[in-house]
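In case you want the letters, here they are:
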Amino acid sequence: MRTKAFRLAFRELRGGFGGFRVFIACLALGVAAIAAVGGTAEAIRTGLEADGRKMLGGDLSIAAIHRDISPDARGWLEAHAEVSRSVRMRAMARGTAGAAPVLIELKAVDGRYPLYGALRLTGTRPGRPAFARIDGVWGAAVGPRLLRRLGVAPGERIRIGDAAFEIRGAIAGEPDRLGDGGLVGFGPRVLISTESLADTGLIRPGSLVRFRYLVRLARGADPDAWRRALGEAFPDAVWRIRDRRSGSPATGRLVRRAEIFMSLIGLAALLIGGVGIGNAVGHHLGGRMQTIATLKCLGASSRLVFGVYLIQILTMAAIGIGAGLALGVAAPLLAGEAISAALGVFGRFGIYPAALALAAAYGVLTTLLFSLWPLACACRTPGAVLFRDAVVPGRVVPRPLHAAAVAASAALLAGLVLASAGDRRLALWFVGGAAVSFLLFRLIGFSLERGAAAIHRRRTPTLRLALANLHRPGAPTATVVVSMGLSLTALVAIASIEGTLRDRLADSLPARAPDFYFLDLQSDQAARFEDAVRGVARDAELVRVPMLRGRITAINGAPAAGVEIRPSARWLLRGDRGITWSAEPVEGARLVDGPWWPPDYRGPPLVSLSANAAFGLGVALGDSLTVNVLGREITARIANLREVRWRSLRMNFVMVFSPGAFAGAPHMQLATLRAPPGSLHRIERAVTDRFTNVTVIRVTEMLALVEEMVARLGALIRAAAAIALVAGVLVLASAAAAGHRRRVHDAVVLKVLGASRGRILRAYAIEHGLLGLATAAAAAGIGSLVAWAVVRFVMETEWSFQPGIALATAAGATLLTLVFGFLGTWRALGEKAAVVLRNA
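Residues numbered from 1 in each chain as written. Predicted model: local features only at pLDDT ≥ 70, side-chain atom pairs only at ≥ 80, totals over all residues. Heavy atoms only, no water.

Caption draft 1: Region of interest: the overall build of the chain. Along the chain, the regular secondary structure elements total 24 helices and 21 strands. Counting over 840 residues, the chain shows a buried share of 51%. Considering only intrachain contacts with a sequence separation of at least 6, the fraction spanning at least 24 residues in the chain is 82%. Carbon and sulfur atoms make up 60% of the accessible area of the chain, which totals about 37,800 Å². (Helix = DSSP H or I, 4+ residues; strand = E, 2+ residues; numbered from the N terminus. Buried < 20%, exposed > 50% of the residue type's maximum accessible area, 1.4 Å probe, protein only. Contact = heavy atoms within 4.5 Å. Areas by Shrake-Rupley, 256 points an atom, 1.4 Å probe, with all protein chains shown as cover.)

Pasting the structure below:
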């Protein structure tokens, strides 16, 4: 029987693929998206692992913020490995041509840098080392952006702090860039030597400085054993250690999150296309009704018929999956250089069997899920019913075995999604949302049919005909609703998420944000700094607060490292935090529990804590926190809790102490300023010319970086939405093709009975308009609900309804449905009546 089934199956396929074109396109699109995402992620992960030493800069990296490691620790490192030391901070660079000073990311390196890889510079001159002191002037390597911003070129000089530097080259490749600050920074990169850093005068008490030690181990040394030995030698040290296996954790997290998001989008496109697969199978079987009826009347068993058409379906699936895998391999290879440049990682692009096998498995299970049901229905129908089905379609339920196979395919597909997803919670949301969406749109399609049946007899002839088309036997109403509804739901959800992210960015910008932040202002400079600002803009709004950095070491007397806290508060215990002190309540903060201390308070230290931080740490009023500041332990009782509005862009602190808690401690000042727009440039020049150690951050530039990042995210989301939209259009085309044969028959009968072409077109236009509006309205609601769930529970931020997106989707869906309906109807009206009626 198997030989006979194969022979009959391939004999029919000799006539061409026919209705399988959409089937192949839907399957290829989804499989290609999943294969491309999986292959790209594998290529980048392989690149991260292979280049771990280069990206980190060593076998291990030891980082400390604000305070350098102890001399004993440095001696231990030097005795047990080859070590390179670097110092990173923000500073201002000034040219000599009158250009405005530019905020830079300054990195000072020693003579051993880099331990792995190579620093690549352009525009260098022979005999002039990049960082050496020549004729009394230190050398520097700068990012290309700084050359443009300052209007300088290699060989010219710039000033950083109190020192002048000759530009010895532009940075073309910094081997450990990803491991030391990542690709995103507040300004262009500048590299100098650690010997020259002292001449700049930038490192002063309270300055925000990051110290980093790169370690190169002896060949064959075990990094884990080395880390354990270091921890045993210095158990109380506060530093962060990474090894080559996590050379760029930020990039790794970005890749994982992007992979999860894009994989789910590809899977959504595949599932949406699955409806198109079901439509295509139904259309193909509808065109073979007479063949199936003939086979069954000649004694062919349902098993033989099922086998014949299952072989055809699987053959077409193999073609679609093969095409999708080929596209999935080709796309990363073609875009590999662009992806590597965007992430700063040399991805090992190639063929990754695991990613391709996963995509192929998704394709096979999706094919079975959506094709077994219509195939089982067609094969169970008796021959006589199949002949009659050309006029009055019958309703058939598959055998229990076939229904179980459909359920098993759905379960396996859901299990594969959960097993292969990097984020199980998000995958579970996806599986549940997909199942509920299918059921909802099926219910909506059924309700639309029943509603049309209830009211169609009470309307005008044209409207009555349109409503009758929605509920007549064999009407594609439910199919179109599910087909278009799922794709539109994905589109609305994706667009709503993007819109919400943009709204959150807009909401985060206060009406009266400061124009500047001034960092690293020393206490003895405060009066002169204010005079410089007032000399340019007397009415400028200037706010200064004292600032130190301290580390929480104990909570209620217990070592902080051993206290169980919520994940949202773990960042509070990672290194030093900015702290301040004030006699008066902090501007813009609202007390939510406990009173502020009196202005003349002189008692034991008290602390005002952010309410969110208190919740994360599990503390309340009366509890105590111990903070290590400059080596001194300060224990303070929590006196009140504040609501901190971080989006105000004011100077907000998690911890604000009572006056006197840090009396006599050397500290810096932090200042914000608002001034008339015409005076901003002059204020910046006045401050940077007189105070070379002060770092100036323009809030507008900082926000522009955030907007750029959101724009990139939006481009990614729109690309994903385009995949879902293409899948939806293919599915809608398959639904139109599936109903074309019956539409031809109906149109011919109506023309023979005297209906004009215009009336038939109007009836069909009303039918598809109602169908499109109903489906789009439901998709807008369901898609918005999905977006709300993702934003609220996955992204954990506030959601905002996007009515413009919902209306645009409804209008676009209705227009698309009308276009496909019109094209199908126009083709149907062009058929000759005699031929259609003779072959009916």
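Caption draft 2: Spotlight on the packing of helix α17 (residues 526–536) against helix α19 (residues 680–690). Direction vectors running N to C along α17 and α19 enclose 150°, while the axes themselves pass 9 Å from each other. On the basis of their axis angle, the class for α17 and α19 is roughly antiparallel. The interaxial crossing formed by α17 with α19 has right-handed handedness. Mapping the contact onto sequence places Arg 528, Phe 529, Ala 532, Val 533 and Val 536 in α17 and Arg 682, Ile 683, Ala 686, Val 687 and Arg 690 in α19. A per-class count over the contact of α17 with α19 returns seven nonpolar, no polar and three charged. (Axes fitted to C-alpha atoms, helices over the stretch in contact; angles between N-to-C directions. Parallel < 35°, antiparallel > 145°, perpendicular 65-115°, else oblique. Left-handed = near helix turned anticlockwise from the far one by under 90°. Nonpolar A, V, L, I, M, F, W, Y, C, P; charged D, E, K, R; others polar.)

Caption draft 3: View of helix α7 (residues 223–233). Those residues of α7 lying buried are Pro 223, Trp 226 and Leu 230. Across the axial projection of α7, the buried residues extend over an arc of 60°, all falling on one side. Packed against the buried residues of α7 are β1 (60–65), α4 (71–80), β9 (210–216) and β10 (240–243). The backbone nitrogen of Asp 224 lies 3.1 Å from a side-chain oxygen of the residue at the head of α7, namely Asp 222. (Arc of directions from axis to C-beta. Polar contact = N/O pair within 3.5 Å; in protein donor to acceptor, adjacent residues only side chain to side chain.)

Caption draft 4: Focus on a nonpolar patch on the surface. Together, Trp 429, Leu 785, Trp 788 and Phe 793 make up a nonpolar patch on the protein surface, roughly 390 Å² of accessible area in all. The greatest single-element share of the nonpolar patch, amounting to three residues, is contributed by helix α22 (residues 757–794). Position of Phe 793 among the secondary structure elements: in helix α22. (Patch = residues over 30% accessible without salt bridge, like charges linked within 9 Å, V, L, I, M, F, W, Y side chains within 5 Å. Salt bridge = Lys/Arg side-chain N within 4 Å of Asp/Glu carboxyl O.)

Caption draft 5: Geometry of the nonpolar core. Core analysis: the largest hydrophobic core is formed by 70 residues, its most contacted members being Phe 23, Leu 27, Leu 325, Leu 375 and Phe 441. Broken down by element, the residue count for this core peaks at 13 residues, all from helix α10 (residues 302–343). By size, the runner-up hydrophobic cluster in this structure holds 44 residues, among which are Ala 91, Leu 106, Ile 160 and Leu 217. (Core = buried A, V, L, I, M, F, W, Y, C linked by side-chain atoms within 4.5 Å.)

Caption draft 6: Region of the structure containing unusual backbone geometry. With an omega of -10°, the peptide bond between Tyr 113 and Pro 114 qualifies as cis. With respect to the secondary-structure elements, Pro 114 resides in the loop between β3 (102–109) and β4 (120–122). Here Asp 520, not a glycine, exhibits a phi torsion of approximately 60°, which is positive. On the secondary structure map, Asp 520 appears in strand β11 (residues 516–522). The exposure class assigned to Asp 520 is buried, which follows from its relative accessible area of 5%.

Caption draft 7: Region of interest: the packing of aromatic side chains. Taken as a whole and assessed by the stated rule, the structure comprises nine aromatic pairs. Considering the side-chain rings of Phe 518 and Phe 529, the 5.0 Å spacing of their centres and the 70° angle between planes classify their relative orientation as edge-to-face. Here Phe 529 lies in helix α17 and Phe 518 lies in strand β11, a separation of 11 residues in the sequence. Taking relative accessible area as the criterion, Phe 518 reaches 0% and is therefore assigned buried. For Phe 529, a relative accessible area of 0% translates into the label buried. Aromatic ring contacts, followed pair by pair, group Phe 516, Phe 518, Phe 529 and Phe 691 into a single cluster. In this structure, Arg 216 is placed above the aromatic ring of Tyr 116, and the distance from its NZ or CZ to the ring centre is 4.5 Å. (Phe/Tyr/Trp six-rings, centres within 6.5 Å; stacked < 30°, edge-to-face > 60°. Lys NZ or Arg CZ within 6 Å of the ring centre and 35° of its normal.)

Caption draft 8: Structural view of the side chain of Lys 107. With respect to the element layout, Lys 107 can be found in strand β3. Among the polar contacts listed, one links the side chain of Lys 107 to the side chain of Glu 174, at a separation of 3.1 Å.

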